[in-house]
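# Commentary on secondary and tertiary structure
Each chain, letter by letter, is given below.
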Amino acid sequence: MNGQGLDDDGTITREGALDRVPAAFAPVVDATRAQITGTFGSARLHSAYLYGSIPRGTATPGISDLDLLLALHDEPTEADRTDAKTIETTLDHSFPQIDGVGILLVGTRTVLSDLERHDLGFFLASLCTPLLGADLAEQLPRYRPTALLARETNGDLALALPRWRTRAAEAVTDADHKNLSRVVARRIVRTGFTLVMPRWGGWTSDLNECTELFGRYYPERIKQMRVAATTGRAPSADPTVLGMLIDDLGPWLAAEYTAVHGDKAPRP
């Protein structure tokens, strides 16, 4: 791998590995594997994956969250979502090492579809670490840091902004504001990075590196993006931070993204 997250052939190197999981999180991963197997079994589950800071080896005990993707044989049902919520709650309450658990449920047919080839497909093949089952990445291509990848991964930020404003208006507690600020901040930082990714010619998931690379091309917005990166790591209950992200940086970024890369292909 070179210094820009690429293999020798110019494709994006897959992030994460089970042998990079920090020792403090090894019991979490073991319990996660057991919970998923016991709940979903082979009848429903095709494969399971870790993603985020834990498989990258950069997780901090007590601060980092646990992120999982479960690929099911069929499209997720309400029963599947209920079972996933139970796993999230059980793991979050059982391990002080993690601050929250998020499980993304997808159907294998969707992941492998042409429509998701450069979104969910890229995400699984490049950013997820196999935990259980046969790796779907073997049925997907190797990816390069192209404008097509930029458009299909983050070309729909404008659609998220109204939903975030609604959630912000409904937020009551500090926990509500923190949870939303983490989601918003991380999405904005990663969108800022993929905006400039084809020009830079590489890949990274590190929030700080994403921010500084973005700042090379948009120095007038670097201060705001640094606030977003800080909030993505340490969520804020300050509504003014959320307001800046949703009402200023976010709309500007969405408009610039469309101007540079175009809009993401519409989903059903």
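Coordinates for the structure precede this section.
## Structural notes on the pattern of salt bridges
- A complete count under the given rule lists 22 salt bridges for this structure.
- Across the pair Arg56 and Glu15 runs a salt bridge, and its minimum N-O distance is 3.8 Å. Residue Arg56 is found in helix α2 (residues 53-56), and its partner Glu15 is found in the segment before α1 (26-44); the two are separated by 41 residues along the sequence.
- Given a relative accessible area of 12%, Glu15 falls into the buried group.
- Here Asp80 ties to Arg44 by a salt bridge, and the two come within 2.7 Å at their closest N and O atoms. With Asp80 in helix α3 (residues 78-94) and Arg44 in helix α1, this pair connects stretches of sequence that are 36 residues apart.

## Digging into the environment of Leu18
- Residue placement: Leu18 occurs in the segment before α1.
- The exposure class assigned to Leu18 is partly exposed, which follows from its relative accessible area of 37%.
- In this structure the C-alpha to C-alpha distance between Leu18 and Ile54, which are 36 residues apart in sequence, comes to 8.8 Å.
- Excluding residues within four positions of it along the chain, Leu18 makes contact with Arg33, Leu50, Thr129, Pro130 and Leu131.

## Let's talk about the packing of aromatic side chains
- The tally for this structure, following the rule as stated, stands at eight aromatic pairs.
- Measuring from ring centre to ring centre gives 6.2 Å for Phe214 and Trp252, while their planes differ by 80°; the resulting arrangement is edge-to-face. Remark: Trp252 occurs in helix α11 (residues 239-261) and Phe214 occurs in helix α9 (residues 207-217); sequence separation between them is 38 residues.
- Aromatic side chains Tyr218 and Trp252 sit 5.3 Å apart centroid to centroid with 80° between the ring planes, which places their arrangement in the edge-to-face category. Here Tyr218, found in the loop between α9 and α10 (222-233), pairs with Trp252, found in helix α11; they are 34 residues apart in sequence, far enough to count as distant.

## As for α9
- All of the buried residues in α9 are Leu207, Cys210, Thr211, Leu213, Phe214 and Gly215.
- Of the surrounding secondary structure, the elements contacted by the buried residues of α9 are α8 (174-200), α10 and α11.
- N-cap assignment for α9: the residue whose side-chain oxygen lies 3.1 Å from the backbone N of Asn208 is Asp206.

## Some details on the packing of α8 against α9
- Running from amino to carboxyl end, α8 crosses α9 at an angle of 55°, the nearest separation of the two axes being 8 Å. Looking at the two axes, α8 sits oblique to α9. For the pair α8 and α9, the sense of crossing is left-handed. Packed against α8, whose contacting residues are Arg186, Val189, Arg190, Gly192, Phe193, Leu195, Val196, Arg199 and Trp200, the element α9 presents Leu207, Glu209, Cys210, Thr211, Leu213, Phe214, Arg216 and Tyr217 at the interface.
- Considered class by class, the residues forming the contact of α8 with α9 number 10 nonpolar, two polar and five charged.

## Things to note about the pairing of strand β2 (residues 66-72)
- Burial runs high along β2: seven of the seven residues are buried.
- Neither face of β2 is open: one carries Leu66, Leu68, Leu70 and Leu72, the other Asp67, Leu69 and Ala71, and all of them are buried.
- Both strand β1 (residues 45-51) and β2 contribute to a ladder of six bridges, which runs antiparallel. When the sheet's bridge partners are listed, Leu45 is paired in β2 with Leu72.
- As paired strands, β2 and strand β3 (residues 101-107) are joined by seven bridges and run parallel to one another. Pairing of Asp67 across the sheet is with Gly102, part of β3.
- Of the crossover connections in this fold, the one passing from β2 over α3 to the parallel β3 is right-handed.

## Section: the nonpolar core
- In terms of nonpolar packing, the biggest core is built from 54 residues, with Leu69, Leu124, Trp164, Val184, Ile188, Met225 and Leu245 touching the most fellow members.
- If sequence neighbours within four positions are ignored, Val184 has contacts with Trp164, Leu242, Leu245 and Ile246.

## Some remarks on the packing of helix α7 (residues 157-170) against α11
- Between α7 and α11, the shortest axis-to-axis distance is 10 Å and the interhelical angle comes to 165°. In terms of orientation, α7 and α11 fall into the roughly antiparallel class. Crossing angle aside, the handedness with which α7 passes α11 is left-handed. Here Leu157, Ala158, Leu161, Trp164, Arg165 and Ala168 of α7 come into contact with α11, specifically with Leu242, Ile246, Asp247, Gly250, Pro251, Leu253 and Ala254.

Quick notes on the rules
- Residues numbered from 1 in each chain as written.
- Predicted model: local features only at pLDDT ≥ 70, side-chain atom pairs only at ≥ 80, totals over all residues.
- Heavy atoms only, no water.
- Salt bridge = Lys/Arg side-chain N within 4 Å of Asp/Glu carboxyl O.
- Helix = DSSP H or I, 4+ residues; strand = E, 2+ residues; numbered from the N terminus.
- Buried < 20%, exposed > 50% of the residue type's maximum accessible area, 1.4 Å probe, protein only.
- Contact = heavy atoms within 4.5 Å.
- Phe/Tyr/Trp six-rings, centres within 6.5 Å; stacked < 30°, edge-to-face > 60°.
- Polar contact = N/O pair within 3.5 Å; in protein donor to acceptor, adjacent residues only side chain to side chain.
- Axes fitted to C-alpha atoms, helices over the stretch in contact; angles between N-to-C directions.
- Parallel < 35°, antiparallel > 145°, perpendicular 65-115°, else oblique.
- Left-handed = near helix turned anticlockwise from the far one by under 90°.
- Nonpolar A, V, L, I, M, F, W, Y, C, P; charged D, E, K, R; others polar.
- Pairing = 2+ DSSP bridges.
- Right-handed = clockwise from strand over helix to strand, strands pointing away.
- Core = buried A, V, L, I, M, F, W, Y, C linked by side-chain atoms within 4.5 Å.

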